[in-house]
Amino acid sequence: MRLLLRVLAPLLGLLLAVVGLAVVVETVTLWVSPASSPLIVPWPTWLTAAEGLTWQSGGVRAAAIVIGVIGLFVLILGLVARRHDVFLADPVPEVTVTTSPRSIARAVGHEVRAHDEVVSASVVASAKKVTVKAATLDPAAEVRDTVRELVETTLARLPLARRPRVAVSVTTTKGVK
Amino acid sequence: MSRRSRAAVARSAGGDRTLTTVLGLVLVAASVLALLVGFGVFGSFRAQRPVIDPMIVEWVSTHATAARWIAIGIGVVLFLIGLWWTLRSLRPEPRPDVSLSELPGERLTVEHAAICDAVRHDAELIDGVSRARARLVGTPQKPALRLSLTLVEGTDVRDVWADLDGRVLARAREAFAVSALPTAVRLELDATSAPTPARVQ
């Protein structure tokens, strides 16, 4: 979403500038030499098209809905394009240390997969929560506790500013040990 | 965590996000308002009025000059906001040179590239760091360091910190003759299983 914002923000700015410029140009043209109006934007045509419409017309409602959907998209884009950095405790004042959720997931994933009883594992991490899904050939309940402990010790080794919650789910898969 | 080191973590997208959010809100508000009028929330008579309202048309034709000035004003404001927004979000993040002395006759600045190369080289010498990148952000008078380190699998982060503060940042502070250099460090954990082999000179 951050990348999309990075691309769309200047385009939206440009769009605003173009609309503003068009309004100024058309107004000045209408004022100074009404004969050559409209210069670029065919606004008199739009005006005649909108002449008979009331607020109840289907066309007006459809336009409103389209604008609303675009607006909602732009609004959500602005709201969700935040950074997802995971903060570590500061080693010294004046220094801020961050890491990516992906890094946390990778570190935890390495530890979990290195465990003998785990066949496969997937990890999703954020600053608040680490979710581990592991598969094993042994009874799931026993492995779940081991994996949880493993994840907790891995996270304890990292000096995270706030310890994320850990959610572990283990399933038993069929196979030969 | 100081405010300046926190600000050095990444380029801020705050301005873009605010403007985008405001634009979205305006569009949504306009759309909701049009729909509410259409569905007769503000009275069924108002819902049946034309979109190009005769009252407004009449006002515009009687006050032609005022209407034109208003239109021009709105256009100029939109144009300026749009232009400022575009330039602002297209402008690359500055890489400041650091000025060590502003005294006339002995003005001394250090180039951005020189500082960053030195810091990067120092950081790559730390045990467990496979790759380092460094750059300065902020202004020449108030620079801050942004450092991103890729750590080898199994490296203890605390050891890296100790080395980082004791060697790399201490040297940088010494070079700048400052007691504190705001620094944002970004760690990539476990990215590779072994350090990259030493480069052949």
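Residues numbered from 1 in each chain as written. Chains lettered and ligands numbered in written order. Predicted model: local features only at pLDDT ≥ 70, side-chain atom pairs only at ≥ 80, totals over all residues.

1. Examining the sheet that holds strand β3 (residues 118–125) of chain A
The strands making up a sheet are joined through hydrogen bonds of the backbone, oriented either antiparallel or parallel. Residues and elements named next belong to chain A. Taking strand neighbours across the sheet as the criterion, the 3 strands line up as β3-β4-β5 in an open arrangement whose pairing is mixed. Lying at the two open borders of the sheet, with one neighbouring strand each, are β3 and β5 (165–172). Each strand axis lies, on average, 15 degrees off the axis of its neighbour in the sheet, ignoring direction. Strands β3 and β4 (129–136) of the sheet are contacted by helix α4 (residues 101–114), whose axis makes an angle of about 165 degrees with β3. Where helix α5 (residues 140–157) meets the sheet, it contacts β3, β4 and β5, and its direction lies at approximately 150 degrees from that of β5. (Pairing = 2+ DSSP bridges. Helix = DSSP H or I, 4+ residues; strand = E, 2+ residues; numbered from the N terminus. Axes fitted to C-alpha atoms, helices over the stretch in contact; angles between N-to-C directions. Contact = placed C-beta atoms within 7 Å.)

2. Focus: unusual backbone geometry
Glycine aside, the phi torsion of most residues is negative, and most peptide linkages are trans. Residues and elements named next belong to chain A. Although it is not a glycine, Glu94 sits at a positive phi angle of roughly 75 degrees. Position of Glu94 relative to the elements: it lies in the loop between β1 (86–88) and β2 (95–99). Look at Glu94 and you get buried, because 21 C-beta atoms sit within 10 Å. (Buried ≥ 20, exposed ≤ 12 C-beta atoms within 10 Å, placed from the backbone.)

3. Here's the deal with the pairing of strand β1 (residues 98–101) of chain B
Residues and elements named next belong to chain B. Here β1 pairs with strand β2 (residues 108–110) via 3 bridges, running antiparallel. By the bridge assignment for β2, Val98 is matched with Val110. Linking two consecutive strands that pair antiparallel, namely β1 and β2, is a turn of 6 residues; a positive phi of about 90 degrees is found at Gly105 within it.

4. Digging into the domain arrangement of chain B
All names here are of chain B. Along its sequence, chain B is organised into domain 1 (3–90) and domain 2 (98–192). The distance between the C-alpha centroids of domain 1 and domain 2 comes to 45 Å. On the side of domain 2, 8 residues touch domain 1, which itself brings 4 residues to the contact. Counted by class, the side of domain 1 that touches domain 2 contains 2 nonpolar, 1 polar and 1 charged residues. (Domains from an automatic or database assignment. Nonpolar A, V, L, I, M, F, W, Y, C, P; charged D, E, K, R; others polar.)

5. Quick word on the domain arrangement of chain A
In terms of domain boundaries, chain A breaks down into domain 1 (2–80) and domain 2 (97–172). Computed from C-alpha atoms alone, the centre-to-centre distance between domain 1 of chain A and domain 2 of chain A is 51 Å.

6. A short note on the interface of chain B and chain A
Across the contact, 61 residues belong to chain B and 59 residues belong to chain A. The class makeup of the residues in the side of chain B that touches chain A is 37 nonpolar, 13 polar and 11 charged.

7. Some remarks on the pairing of β3 of chain A
Successive residues of a regular strand alternate their side chains across the two faces of the sheet. All names here are of chain A. The pairing of β3 with β4 spans 7 bridges and is classified as antiparallel. Paired with Val118 across the strands is Thr136, a residue of β4. From the end of β3 to the start of β4, which pair antiparallel, there are 3 residues.

8. Side note on the packing of helix α1 (residues 2–32) of chain A against helix α2 (residues 14–38) of chain B
A pair of packed helices is characterised by two quantities: the angle between their axes and the separation of those axes. At a minimum axis separation of 10 Å, α1 of chain A and α2 of chain B run at an interaxial angle of 65 degrees. Crossing of α1 of chain A over α2 of chain B shows left-handed handedness. Together, Leu5, Ala9 and Leu12 of chain A of α1 of chain A and Asp16, Arg17, Thr20 and Leu23 of chain B of α2 of chain B make up the contact between the two elements. Each residue belonging to the contact of α1 of chain A with α2 of chain B can be placed in one class, and the counts come to 4 nonpolar, 1 polar and 2 charged. (Left-handed = near helix turned anticlockwise from the far one by under 90°.)

9. Some details on the confidence of the model for chain B
Residues and elements named next belong to chain B. Averaged over every residue, the pLDDT of chain B is 86; the share at 70 or more is 94%. When mean pLDDT is compared element by element in chain B, helix α5 (residues 64–90) scores highest at 94, while β1 scores lowest at 76. Among the scores for the predicted complex, ipTM is 0.78 and pTM is 0.78. (pLDDT = per-residue confidence, 0-100.)

10. Brief notes about the environment of Ile126 of chain B
All names here are of chain B. Looking at where Ile126 falls in the secondary structure, it is placed in the loop between α6 (112–124) and β3 (129–138). In sequence terms Ile126 and Ser61 are 65 residues apart; their C-alpha atoms lie 76 Å from each other. With residues up to four places along the chain from it excluded, the contact list for Ile126 reads Val160, Asp163 and Leu164.

11. Focus: the nonpolar core
If you look at the biggest cluster of nonpolar residues, it comprises 52 residues, and the most contacted ones within it are Val108, Val112, Val132 and Val147 of chain A together with Ala123 and Leu145 of chain B. Of all the elements, helix α7 (residues 157–176) of chain B adds the most residues to this core, at 7 residues. Setting aside residues up to four positions removed in sequence, Leu145 of chain B forms contacts with Ala8, Val119, Ala134, Leu136, Ala172, Leu181 and Thr183 of chain B. One finds Leu16 and Ala81 of chain A together with Leu19 and Leu78 of chain B within the second-largest nonpolar core, a separate group that totals 14 residues. (Core = buried A, V, L, I, M, F, W, Y, C linked by C-beta atoms within 7 Å.)

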